[in-house]
Amino acid sequence: MNLHLAQHYGMCFGVRDALRATHDAAIREPVTILGQLVHNPVVETHLKTLGVRHGDLGHHESAETHRVVITAHGASDSQRASWRQAGHAITDTTCPLVKKAHQALATLVQEGYHPVVIGQRQHVEVRGLVGDFPEASIVLESRDVLQIPAGVKLGVISQTTQPLDRVLEVVAEIKRQHSQVEVRFVDTVCHPTKQRQNALEEVCRRCPVVIVIGGRNSNNTRQLAEKAARLGARVHPVETAADLREEWFRGVTDIGITAGTSTLDETVTAVMDRLRQMTPN
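Predicted model only: the values in this text are computed from it and were never measured.

## What about the sheet that holds strand β5 (residues 89–92)?
Hydrogen bonds between backbone groups are what pair the strands of a sheet, and the pairing can be parallel or antiparallel.
Line of reasoning, step 1. Ordered by their spatial adjacency, 4 strands build an open sheet running β3-β2-β4-β5, and the pairing between neighbours is parallel. Here the strands that pair on one side only, and so sit at the sheet edges, are β3 (53–55) and β5. Between one strand axis and the next, the sheet turns by 35° as a mean value, whatever way the strands run.
Line of reasoning, step 2. One ladder, built from 3 bridges, connects strand β2 (residues 31–34) with β3; its direction is parallel. By the bridge assignment for β3, L34 is matched with G55.

## Quick notes on the pattern of salt bridges
Line of reasoning, step 1. Following the criterion strictly, the structure yields 15 salt bridges and no others.
Line of reasoning, step 2. Between E29 and R67 there is a salt bridge, with its nearest N and O atoms 2.7 Å apart. A residue pair is termed long-range when its members are at least 10 positions apart, and E29 in the loop between α1 (13–26) and β2 and R67 in strand β4 (residues 67–70) qualify at 38 residues.
Line of reasoning, step 3. Note that D92 is salt-bridged to R80, the shortest N-O span being 2.7 Å. Residue D92 is located in strand β5, and its partner R80 is located in helix α3 (residues 77–85); the two are separated by 12 residues in the primary sequence.

## Overview of the side chain of T71
Line of reasoning, step 1. Position of T71 relative to the elements: it lies in the loop between β4 and α3.
Line of reasoning, step 2. The class of T71 is buried, set by a relative accessible area of 3%.
Line of reasoning, step 3. Residues within four places of T71 in sequence aside, it is in contact with I33, L34, G35, Q36, L37, T93 and T94.

## Things to note about the packing of aromatic side chains
Line of reasoning, step 1. Enumeration over the complete set of coordinates arrives at 1 aromatic pair.
Line of reasoning, step 2. The ring of Y113 has K153 sitting right over it, with the charged end atom 4.3 Å from the ring centre.

## Remarks on the side chain of N220
Line of reasoning, step 1. Secondary-structure assignment places N220 in helix α8 (residues 219–230).
Line of reasoning, step 2. N220 sits in the buried class, given a relative accessible area of 10%.
Line of reasoning, step 3. At a separation of 3.3 Å, a polar atom in the side chain of N220 contacts the side chain of S218.
Line of reasoning, step 4. Excluding anything up to four places from it in sequence, N220 contacts T161, G260 and T261.

## Thoughts on the state of the cysteines
Line of reasoning, step 1. Enumeration according to the criterion identifies 0 disulfides in this entry.
Line of reasoning, step 2. The thiol of C12 is unpaired, and the distance to the nearest cysteine sulfur, on C95, comes to 5.8 Å.
Line of reasoning, step 3. On the basis of relative accessible area, C12 is assigned to the buried category, the value being 11%.
Line of reasoning, step 4. The closest cysteine sulfur to the non-disulfide-bonded C204 is located on C207, 7.7 Å from its own sulfur.

## Focus: the sheet that holds strand β9 (residues 183–185)
Line of reasoning, step 1. Spatially, β7-β6-β8-β9 is the arrangement adopted by the 4 strands of the open sheet, whose pairing is parallel. The open sheet has two edge strands with one neighbour each: β7 (137–139) and β9. Within the sheet, the average angular offset between the axes of one strand and its neighbour, ignoring direction, is 25°.
Line of reasoning, step 2. Examined bridge by bridge, strand β8 (residues 154–158) and β9 share 3 bridges and lie parallel to one another. Bridging across to β9, V156 finds its partner in F185.
Line of reasoning, step 3. Sitting on the sheet, helix α4 (residues 96–110) is in contact with β6 (114–118), β8 and β9, with an inclination near 175° to β8.
Line of reasoning, step 4. Sheet strands touched by helix α6 (residues 164–177): β6, β7, β8 and β9. Its angle to β9, the strand with the most contacts, is close to 170°.

## Describing the environment of D144
Line of reasoning, step 1. Mapped onto the secondary structure, D144 falls in the loop between β7 and β8.
Line of reasoning, step 2. Sequence separation between D144 and T45 is 99 residues, and the spatial gap between their C-alpha atoms is 37 Å.
Line of reasoning, step 3. One polar contact links the side chain of D144 to the main-chain amide nitrogen of L140, over a distance of 2.9 Å.

## With respect to the pairing of β4
Line of reasoning, step 1. Because side chains alternate across β4, one face comprises the buried residues R67 and V69, and the other comprises V68 and I70, equally buried.
Line of reasoning, step 2. Pairing geometry for β4 and β5, over 4 bridges, is parallel. Residue pairing across strands places I70 opposite D92, the latter belonging to β5.
Line of reasoning, step 3. After leaving β4, the chain enters α3 and then returns to the sheet as β5, a path that is right-handed.

Parameters and conventions
Chains are numbered independently. Their residues run from 1 in the order of the written sequence. Local features in this predicted model are restricted to residues whose pLDDT is 70 or higher, and side-chain atom pairs enter the listing and the counts only when it is 80 or higher, whereas totals over whole chains, interfaces and linings include all residues. Note: side-chain values were computed over all heavy atoms of the structure, leaving out hydrogens and water. In this analysis, strands are considered paired if DSSP registers two or more bridges between them. A run of H or I in DSSP becomes a helix once it reaches four residues, and a run of E becomes a strand once it reaches two; helices and strands are each numbered from the N terminus. A fitted line through C-alpha atoms serves as each axis, taken over the contacting stretch for helices, and the angle formed by two N-to-C directions is quoted from 0 to 180°. When a carboxyl oxygen of Asp or Glu is within 4 Å of a side-chain nitrogen of Lys or Arg, the pair counts as a salt bridge. Exposure classes here rest on a 1.4 Å probe applied to the protein chains alone. A residue is buried below 20% of its type maximum, exposed above 50%, and partly exposed in between. Here, two residues are considered to be in contact whenever any of their heavy atoms come within 4.5 Å of each other. Geometry of aromatic contacts follows a simple scheme: Phe, Tyr and Trp rings, the Trp one being its six-membered ring, pair when their centres are within 6.5 Å, and the pair is stacked under 30 degrees between planes, edge-to-face over 60, tilted otherwise. Counting as a charge over the ring demands two things of the Lys NZ or Arg CZ atom: a distance within 6 Å of the ring centre and an angle within 35 degrees of the ring normal. N or O atoms closer than or at 3.5 Å make up a polar contact, with two conditions inside protein: a donor-capable atom paired with an acceptor-capable one, and, for residues adjacent in sequence, both atoms drawn from side chains. Note on disulfides: each one is a pair of cysteine sulfur atoms within 2.5 Å. Look down the strands so they point away from you; if going from the first strand over the helix to the second traces a clockwise path, that crossover is right-handed.

This is the structure we're talking about:
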């Protein structure tokens, strides 16, 4: 079997920095992470060895420690202020590119635009983005555009891990349904997401089977798997090398591999090593 690793794959700088900051905080004092630091079970297992606790960003009583960690997915300014007022010290690991999305949305609101966020309503990043703007409209599919109020100019951003092609489709639909008003779109899809999505296209041109490595509840990992399927590949999402099955590769000579932005390099290496050991009939 020939293995084709995507040119861009795996852990991004924002996640890596979040892990480092949390690790450094945890070895100095007890910490509570307000949510899931990154959507990766291997990382969660490592954090447990450091005694890290988990709490709920929306509930102060869920944190027993003085220091709390805001995850790479970010939070609203009102949530940060609330935790400080409750007497907690904050280690803020919000990805810089998520912060840019917050800044873009705040600027649009200041300039008089009705805020629109393209993304998953229940995703922690999206909840953080709209936390300071309860009037914001959240859309993901074209049919959701019907929820946006008419007659006001619209300022649109996106969850950072949404595929750009989907985002542009939704923006086009917003402009079509609201053709009588100004629609301003600020592209906040992060560069690592774009890189991994684009690199996947080359892999799918060469490989009929694609392995996507990452946490099952990771949005960007799921988006990679969905895109590979749309491009015609037979897709197998895995979290670790233990998930691989030899029967997936019978009669296959070229296998593509990619990984989401919260996937450790060690996990990718382990998956590739296991694939090299396999000899499917």
